[in-house]
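# A closer look at the structure
Read off the chains here:
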Amino acid sequence: MKTILAVNPGYARVEAVVSPEGSGLESSLGRWVFPADTCDFAAIEREVGSPPSLLAIPGGIYNPSNPGIYRINSKMAEHAKEVDSFHPRNRLTVLAHRYCLERSLPGVAVEPMNTGELIPEARLSGLRTHQRRGVYYALPQRQAWEDSRRSLGLPPSARGVTAYLGEESSVSSHVGNTVVDTSDPVLGEGPFGLQAAGTLPAGGYLAYLSQHPVSDLTSSLKAGAGAFGYAKVRTLDELASALSSGDKAAVCAVSALGYQVAKEIGRQVTALSGKVDAIVVCGPASRLAALKDRITGLVGKWAPVVTYEETELDLLFSGGTSVLRGEVPKEY
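Below or above, wherever it landed, is the structure these notes cover. (Residues numbered from 1 in each chain as written. Predicted model: local features only at pLDDT ≥ 70, side-chain atom pairs only at ≥ 80, totals over all residues. Heavy atoms only, no water.)

## Regarding the overall build of the chain
- Secondary structure summary: the chain contains 12 helices and 12 strands in total.
- A compact globule built from 332 residues would reach a C-alpha radius of gyration of about 20 Å, and the chain, at 19 Å, matches this within 12%.
- A burial count over the chain gives 53% of its 332 residues as buried.
- Look at the contacts in the chain between residues 6 or more apart in sequence, and 68% of them connect residues 24 or more apart.
- When the accessible surface of the chain is totalled, it reaches about 14,900 Å², and 51% of it is carbon and sulfur.
- Positive and negative side-chain charges in the chain, numbering 32 and 34 respectively, have mean positions lying 4 Å apart. (Helix = DSSP H or I, 4+ residues; strand = E, 2+ residues; numbered from the N terminus. Rg over C-alpha atoms; globule rule 2.2 N^0.38 Å. Buried < 20%, exposed > 50% of the residue type's maximum accessible area, 1.4 Å probe, protein only. Contact = heavy atoms within 4.5 Å. Areas by Shrake-Rupley, 256 points an atom, 1.4 Å probe, with all protein chains shown as cover. Lys, Arg positive; Asp, Glu negative; His and termini not counted. Charge placed at Lys NZ, Arg CZ, Asp CG, Glu CD.)

Quick look at the structure:
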């Protein structure tokens with residue numbers, strides 16, 4: 001029996017699941033949660049009884065790439081160390097490459113995050129020395145758009161907006177199968193997320209830092225901020241529980257998150273010249289009804305708002321199965 005080890009990293013924790021080829025979470029042989037920046041591959045092997053047939057991870061931020069499934073190789077691992085090395089997906093890329101070499105097994109990175117092809121106007125940041133990038137949560141946003149477009153009966157040339165609602169928020173505009181503009185969540189652009197700060201008033205934040213020096217900026221901006229910070233919770237389940245009990249801080253945090261995401265969707269609708277066929281929300285927080293309702297109430301007049309329910313782990317198993325059944329991964 002061939003098996004796939006799917007690993008999905010975050011700033012707070014790392015999820016790992018082993019399942020047989022062609023199946024998913026419902027048929028898993030084991031599921032683990034590790035602290036951030038770690039993955040105990042040896043422990044997984046001991047509990048399952050053997051190494052997996054293939055390792056699948058979400059693509060990180062490397063050099064600009066085309067969409068698709070890539071073989072994890074040394075070049076990718078080196079670039080993962082050089083480009084936004086603090087990001088969980090880049091850290092996992094390095095760990096995954098080392099593990100695949102040690103065990104002589106194939107590994108794939110599904111949908112690198114740097115596949116957006118920004119229109120020329122979108123590349124200008126306002127600072128001549130800095131250019132905006134096409135970085136977004138391609139896994140799952142790209143698949144969310146393609147699957148939703150097909151389910152709605154829209155043509156391949158359709159235009160839409162996707163919003164990834166996770167630790168970080170990412171909002172992107174699609175023309176056909178190309179992302180032509182996007183907020184860059186890794187660099188803190190766009191709405192805040194569940195625990196990332198998003199865009200901050202630059203002058204105000206610099207003034208704050210001058211009075212309150214922060215030794216670990218990544219931690220302060222990516223782990224202790226966002227909706228969790230406002231609601232004073234640590235997990236999505238805690239946030240959902242606080243919402244159901246009517247906790248005022250949680251209700252305010254989720255309402256504000258929905259408002260900021262909706263504002264960014266409006267920016268992306270502008271990038272599409274106001275012509276949008278569908279708006280798709282995906283990611284862990286998309287299952288919060290209050291958040292979905294808030295976003296829909298603000299942007300639903302422009303296009304149907306669809307929730308995409310497949311998770312990153314679901315898509316990793318799908319991509320891994322495709323490779324085990326003959327799809328040749330791209331070489332980075």
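Having put the structure on the table, let's press on.
## As for the layout of surface pockets
- Its volume calculated, the largest pocket comes out at about 860 Å³.
- As for the largest pocket, its lining consists of 35 residues, and the residues nearest its centre are Asn8, Arg13, Glu15, Leu236 and Pro284.
- Contributing elements (two or more residues each) for the lining of the largest pocket: β1 (3-9), β2 (13-20), α3 (88-103), α9 (236-244) and α12 (312-324).
- Of the residues that constitute the lining of the largest pocket, the class distribution is 13 nonpolar, 10 polar and 12 charged.
- Of the pockets and cavities examined, the second largest pocket occupies roughly 430 Å³. (1 Å grid on protein atoms, 1.4 Å probe; cavity = no way out; pocket = protein on both sides within 12 Å on 5 of 7 lines; lining within 4 Å. Points joined across faces, edges and corners; volume = space filled by probe spheres on them. Nonpolar A, V, L, I, M, F, W, Y, C, P; charged D, E, K, R; others polar.)

## Regarding the sheet that holds strand β12 (residues 330-331)
- Read from one edge to the other, the open sheet built from 7 strands follows the order β3-β2-β1-β4-β6-β5-β12, with strand pairing classed as mixed. With one partner strand each, in any of the chains shown, β3 (30-35) and β12 form the two edges of the open sheet.
- As defined by bridge partners, strand β5 (residues 69-71) adjoins strand β6 (residues 107-110) across 3 bridges and the pair is classed as antiparallel. Within β6, the position partnered with Ile69 by the bridge is Val110.
- Most of the contacts of α12 go to β1, to which it runs at about 145 degrees, and overall it touches β1, β2, β3, β4 (54-58), β5 and β6. (Pairing = 2+ DSSP bridges. Axes fitted to C-alpha atoms, helices over the stretch in contact; angles between N-to-C directions.)

## Section: the pattern of salt bridges
- The full count for this structure, using the stated rule, is 19 salt bridges.
- Between Glu15 and Arg31 there is a salt bridge, with its nearest N and O atoms 3.3 Å apart. Of this pair, Glu15 sits in strand β2 while Arg31 sits in strand β3; the two residues are 16 residues apart in sequence, bridging distant segments of the chain.
- Its relative accessible area of 16% is what places Glu15 among the buried residues.
- You can call Arg31 partly exposed: its relative accessible area is 48%. (Salt bridge = Lys/Arg side-chain N within 4 Å of Asp/Glu carboxyl O.)

## Considering the side chain of Arg149
- Within the secondary structure, Arg149 sits in helix α5 (residues 138-151).
- Ignoring anything within four residues of it in the chain, the contact list for Arg149 reads Leu154, Pro155, Pro156 and Ala158.

## Here's the deal with the environment of Ser210
- Secondary-structure assignment places Ser210 in helix α6 (residues 202-211).
- Sequence separation between Ser210 and Gly30 is 180 residues, and the spatial gap between their C-alpha atoms is 47 Å.

## A short note on the packing of aromatic side chains
- Within this structure, the stated rule accounts for 5 aromatic pairs.
- Measuring from centroid to centroid gives 5.6 Å for Tyr62 and Tyr332, while their planes differ by 70 degrees, and the two rings are edge-to-face. Of this pair, Tyr62 sits in the loop between β4 and β5 while Tyr332 sits in the segment after β12, and the two are 270 residues apart along the sequence.
- Taken together through their ring pairs, the aromatic side chains of Tyr62, Tyr70 and Tyr332 make up a single cluster.
- Lys75 extends its terminal NZ or CZ atom over the ring of Tyr332, reaching a point 5.8 Å from the ring centre. (Phe/Tyr/Trp six-rings, centres within 6.5 Å; stacked < 30°, edge-to-face > 60°. Lys NZ or Arg CZ within 6 Å of the ring centre and 35° of its normal.)

## Some details on the sheet that holds strand β11 (residues 305-307)
- Strand order across the open sheet formed by 5 strands is β9-β8-β7-β10-β11, with mixed pairing between neighbours. The strands lining the two open edges of the sheet, one partner per strand, are β9 (178-182) and β11. Each adjacent strand pair in this sheet contributes to an overall mean axis angle of 25 degrees, direction not counted.
- Two strands pair when backbone bridges link them, and strand β10 (residues 278-282) and β11 are joined in this way by 3 bridges, in the parallel orientation. Each bridged residue has a counterpart across the sheet, and for Ile279 the counterpart in β11 is Val305.
- Set on the sheet, helix α10 (residues 248-271) makes contact with β7 (159-165), β8 (169-175), β9 and β10; between it and β8 the angle comes to about 25 degrees.
- Across the sheet, helix α11 (residues 289-299) touches β7, β10 and β11, and the angle it forms with β11 is around 160 degrees.

So far we have only geometry, and geometry alone does not tell us how the molecule works.
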